[in-house]
Every structure is written in C-alpha cells, then in structure tokens.
Amino acid sequence: MARTMQNFHMQTQQQRIPSTSIVKRQEPSSIKIEATVAGQFLRKLFQIVFFIQLFLVSILVIVLTIRGLIYAGNTNRFHPKKWYPPLLVSTASAGIVSFIWQWICFHYPSRAIRSAFWVSPLLTCAAGIVHVLIGSPVSLAAGTIAVVSGLIQSLYACWVNLRFDYATKILTVSTSFPPEKTATFVTVSIIICVVYSSFLVIGIGGATATGTAFDVLFIVLILLTFTWSMQVIKNMLYVTISRVRYMNFACGLDMNTQIAFRDTVKYLVGSVCIGSALVPVNGTIRGSARAINLVAGDTDEFMFSCANCYSGIASTLITYGNRWGFVHVGVYNKGFVQASTDTWELLKRAELISLIDSDLTGVFCFLSGVAVGSICTIVGGTWTLTVHKSYATEVSIYAFLIGYFTCRIALAWHQACVSAYYVAYAENPESIRFDETIPARVEELRRYQS
C-alpha cells in the first residue's frame, strides 16, 4: 500500500500544492499542468489588489467613522443611536440564522430544500411590504422588485418541484460525511463575515452622517469591496472543503482539513480572488441567457436569433469562469481560468452539462440567501421604521445584503461538497465509490428529453 501511494505521489508531484501530502489517481494526459508566467502574474496581481483594497477601505472606514461621529456631535442631522443598533442587530441576526440554517440543511436536507423554495417567496414578499410601508421612492422601487421577485420565485418553485427529490439525494450523498472540523471552519467564517460587515457598517454610518456627493461615492466603494470580500471568504471555504471531499470521492482518502485550508491561504488566494470576481458575473449572464431563451421560444425569428446569440456568449463565458473550477483550483493548484476550462470539458465529456443545469443546489443556496436577507430586512427595516423612518430605506437594503452574503458563506460547504462529487464522478464514472444517484438521474433526463 505504501509503495502504491508513493507511485501516486510521484505522478502528481508537479501539479499539487507543494506542501500537500495527498495522492490522486488521474489520467496522465489530463494532469500535465504548467502555470504560465502570465497566469502566475495575474494570480499575484489579484492577490495584491485584494489586500491593498482591504487596507485602503479599512483606512477609509476609520476616517469616515471619526468624521461622522464628530459631525453628529455638532449637529442634530444624524443620530447614531437610531442608525447603528437596527443594522448591527440585523447583522448579528444574519450570523445566528445562517448558522442554524446550515445545520438544518445538513441534518434535514429534504425539509430544508422544500422550505427554501416555499418560504423564500413569502419572506421576500414580506420584505417588499416593509419597503412599501417605508414609502420613499427608493424603497417603493425596492418593494415592488421584492414583491415581483417573490411571485416569480413561487412560480419557479411550482415549475421545479419534481426536481426536489434528486436535489435532496445529491445533497445527502455528497454531504453525508463532512470533512473534520467543518463546523469550526463554518463558524469562524460566519464570525469573520459578521465582524467585517459590522466594521463596514460603522463606516457607512459615518458617510451617511454628512451625506455629500463624495460620501455617496464612498458608500458605493465600500459596498463593492464588501461584495468582493464576501465572495472571497465564501470561496476560500469552498476551495478548502471541495478539495477534501474530492480526495475522498476520487481516491477514498481522508485529507486533513487544516492542511487543505493552510494550502488555500498560502497558495490559492490569487486564484480565489479571480474566481470571486468572475463567477458571479458569468453566472448572472448565463442565468439571464437561459431565462431569455425560455421566454423567447422559437416563435419569433428575431427574438430567437438575439436570444441564441446572447446564449452563445454566455456559454463561452461560463467555460472560462464557473464554480466547478474551484475544485481543480484546490486539488491541482491550477489558475482559475484553466481550472474552469478543464472541469467544464470534463463535465461535457461525461455528458453532465444538462444534469448540472437542472440541478437545484445553486438555486437552493441562492434562495436561502434571499430568505435570510429578507429576514434581516424585516428586522432592521421595521425597527428603523419605528424609531426613525428616514433611515429605514438604507438600513433595510444594507441588512439584506449582509444577510444574503452571510447565508451564502454558511452554505458554501454544502455547495462545495456537491461540486466535488460531480467533478470526481465526471473524471471516473465507473468508480465503485459512486452509487446510482447520477446515472439514474441522467437516464431520467434522457427519457424526458426524448
């Protein structure tokens, strides 16, 4: 056994992260990876840019906070005691609800999936009603969007309810044996998210106190860096967990989660930063392309042509930036674009594209995020509406964003396990470590399409 493991180690020595003592069985033609100078430079550049923007935004937040408190002490325009508590309590609520929800998803996946698809529309509509009650032009627009979104979510849940059983099966089989200390990593990630969100909220409050044109720009910059940072935190956890689960699915090996996380921090931050910027954009474009294709149909030639063109662009983009690529980023230390291309080709060769397109795991995580964000909106919005109505719109919007991203971070390990399962299966469908979950679903889809 020791000699066999040594042979495997020699096969993958040039592709693996240097400090990793794992083994992997793979076809030689698919693992000859050499990072180009341009690829290494891009990864390093994104890593440097990420840490620089964290540093600069931290300074900006501190300056805005001090300036805002001085301004609030000299005027009666801004009331910190009425602005901060609702938002900080909403942030704390996001952490608590997200942790509880990911625990429910692990222990009761069937109930969790059905609840997400049916409760999320209700909570979204409730958040929309809160915005309507606030009554400002921005909140009325947000409320209208929320109510319409809730109705669309309800219709979508009716449309995909037949897929719930498979979603439950794939989530159960992929997360049945979570990596060691998963709860610890999830808890720490949520705490970091809550603390960092609270820190940025304090700075946003300072900018709100003065409310100049530059302050609006500062708030936008803070929200942009918040979005990217939350994606990076989520995907650091995603890469770590997917690597550990991939090694178990592909080789039957139990890798130390701490080692995987150490390697992620030491070697993969640049790739994670790139993926965190590309995946949300590409995913949104591809999702909108699928929706447009569904609406356009084939009755109108012009609409069909435009939808087909847009769909082609979306398909090209998703090839070079998709969440499945994070698995190979963690396992082989590939650049993100290379990893995305390789995993997409694997999924194509295994004829799994239609399967992952119909898989509800990503939608489930999204709706869970929307639900938690809506809860935070209700908490923060109703509180602020009671104590100081003029603050309610912005507090509600900030609370939603914090709740959404906190929940997505909490559920990252579930999605990582599912991705690792698909990628490992695509590489070796004949492995005895896989049951009939995927083959049975593929056969079912073929019968349906025929």
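Since we're looking at a predicted model, the values are computed, not measured. (Residues numbered from 1 in each chain as written. Predicted model: local features only at pLDDT ≥ 70, side-chain atom pairs only at ≥ 80, totals over all residues. Heavy atoms only, no water.)

What follows concerns the overall build of the protein chain. Helix and strand counts for the protein chain stand at 18 helices and 0 strands. In the protein chain, once contacts between residues fewer than 6 apart in sequence are set aside, the share between residues at least 24 apart is 79%. (Helix = DSSP H or I, 4+ residues; strand = E, 2+ residues; numbered from the N terminus. Contact = heavy atoms within 4.5 Å.)

Attention now moves to the pattern of salt bridges. In total, this model carries 8 salt bridges according to the counting rule given. Across the pair D215 and R67 runs a salt bridge whose closest N-O atoms are separated by 2.2 Å. Of this pair, D215 sits in helix α8 (residues 213–251) while R67 sits in helix α2 (residues 37–74), placing them 148 residues apart in sequence. Accessibility expressed as a relative area gives 0% for D215, which makes it buried. You can call R67 partly exposed: its relative accessible area is 32%. With its nearest N and O atoms 2.9 Å apart, the salt bridge here joins D165 to R114. Of this pair, D165 sits in helix α6 (residues 164–175) while R114 is found in helix α4 (residues 109–134), placing the two residues 51 residues apart along the sequence. By relative accessible area, D165 is classed as partly exposed at 47%. When its relative accessible area of 29% is taken as the criterion, R114 is described as partly exposed. Each of R243, R262 and D263 takes part in one network of salt bridges that share partners. (Salt bridge = Lys/Arg side-chain N within 4 Å of Asp/Glu carboxyl O. Buried < 20%, exposed > 50% of the residue type's maximum accessible area, 1.4 Å probe, protein only.)

Let's shift gears to the environment of I438. As for its placement among the helices and strands, I438 is situated in helix α18 (residues 437–449). For the pair I438 and Y421, spaced 17 residues apart in sequence, the C-alpha to C-alpha distance is 9.8 Å. Not counting chain neighbours up to four residues away, the residues in contact with I438 comprise Y166, I170, L352, L355, Y421, Y422 and Y425.

On to unusual backbone geometry. Even without glycine at this site, N333 takes up a positive phi of about 60 degrees. A relative accessible area of 19% places N333 in the buried class. Within the chain, E351 stands out as a residue other than glycine whose phi angle is a positive 60 degrees. Checked against the element boundaries, E351 lands in the loop between α13 (336–349) and α14 (353–358).

With that settled, the discussion passes to the side chain of T91. You can see T91 is positioned in helix α3 (residues 80–107). Residue T91 is classed as buried on the basis of its relative accessible area of 0%. Ignoring any residue separated from it by four or fewer positions in sequence, one finds T91 in contact with V194, S197, S198 and I402.

Right, let's get into the environment of A307. Along the polypeptide, A307 turns up in helix α11 (residues 301–320). Along the sequence, A307 and A289 sit 18 residues apart, while their C-alpha atoms lie 7.0 Å from each other.

Okay, helix α9 (residues 257–267) next. Residues T257, A260, D263 and T264 constitute the buried set of α9. An end-on view of α9 places all buried positions within 125 degrees of arc, on one side of the element. For α9, the N-terminal cap is N256; the gap from its side-chain oxygen to the backbone nitrogen of Q258 is 2.8 Å. (Arc of directions from axis to C-beta. Polar contact = N/O pair within 3.5 Å; in protein donor to acceptor, adjacent residues only side chain to side chain.)

Our focus in this paragraph is the packing of α8 against helix α17 (residues 412–427). One can describe the packing of α8 onto α17 by two numbers: an axis separation of 7 Å at closest approach and a directional angle of 40 degrees. As summarised for this structure, α8 and α17 are arranged oblique, according to the angle between their axes. The way α8 lies across α17 gives a crossing that is right-handed. Residue-level contacts link K234, L237, Y238, I241, S242, R245, Y246, F249 and A250 of α8 to A412, W413, Q415, A416, C417, S419, A420, Y421, V423, A424 and E427 of α17. Along the lines of polarity and charge, the residues of the contact of α8 with α17 split into 14 nonpolar, 3 polar and 3 charged. (Axes fitted to C-alpha atoms, helices over the stretch in contact; angles between N-to-C directions. Parallel < 35°, antiparallel > 145°, perpendicular 65-115°, else oblique. Left-handed = near helix turned anticlockwise from the far one by under 90°. Nonpolar A, V, L, I, M, F, W, Y, C, P; charged D, E, K, R; others polar.)

Here we come to the nonpolar core. Residues W83, F117, Y246, F364, Y422 and I438 are the most contacted members of the largest nonpolar core, which totals 84 residues. Broken down by element, this core gets its largest block of residues, 11 residues, from α8. When neighbours within four sequence positions are excluded, F364 is seen to be in contact with W101, C105, A112, I113, A116, F117 and L171. (Core = buried A, V, L, I, M, F, W, Y, C linked by side-chain atoms within 4.5 Å.)

Under the definition given, this model contains 26 aromatic pairs. Ring centres 5.3 Å apart and planes at 85 degrees place the aromatic pair F50 and W228 in the edge-to-face group. You can see F50 sitting in helix α2 and its partner W228 sitting in helix α8, a full 178 residues away along the chain. Each member of the pair, F50 as well as W228, carries the same accessibility label: buried. On the numbers, 5.0 Å between centres and 45 degrees between planes, the contact of F117 with F164 is tilted. Separated by 47 residues along the polypeptide, F117 in helix α4 and F164 in helix α6 bring together distant segments of the chain. Accessibility classification places F117 together with F164 in one group, the buried group. In textbook terms, an aromatic cluster arises when at least three aromatic residues are bridged by ring pairs, as seen for F78, W83, Y84, Y391 and Y398. Lying across the ring of W159, R163 places its NZ or CZ 5.4 Å from the centre. A cation over a ring is seen here: R323 above W324, with NZ or CZ 4.5 Å from the ring centre. (Phe/Tyr/Trp six-rings, centres within 6.5 Å; stacked < 30°, edge-to-face > 60°. Lys NZ or Arg CZ within 6 Å of the ring centre and 35° of its normal.)

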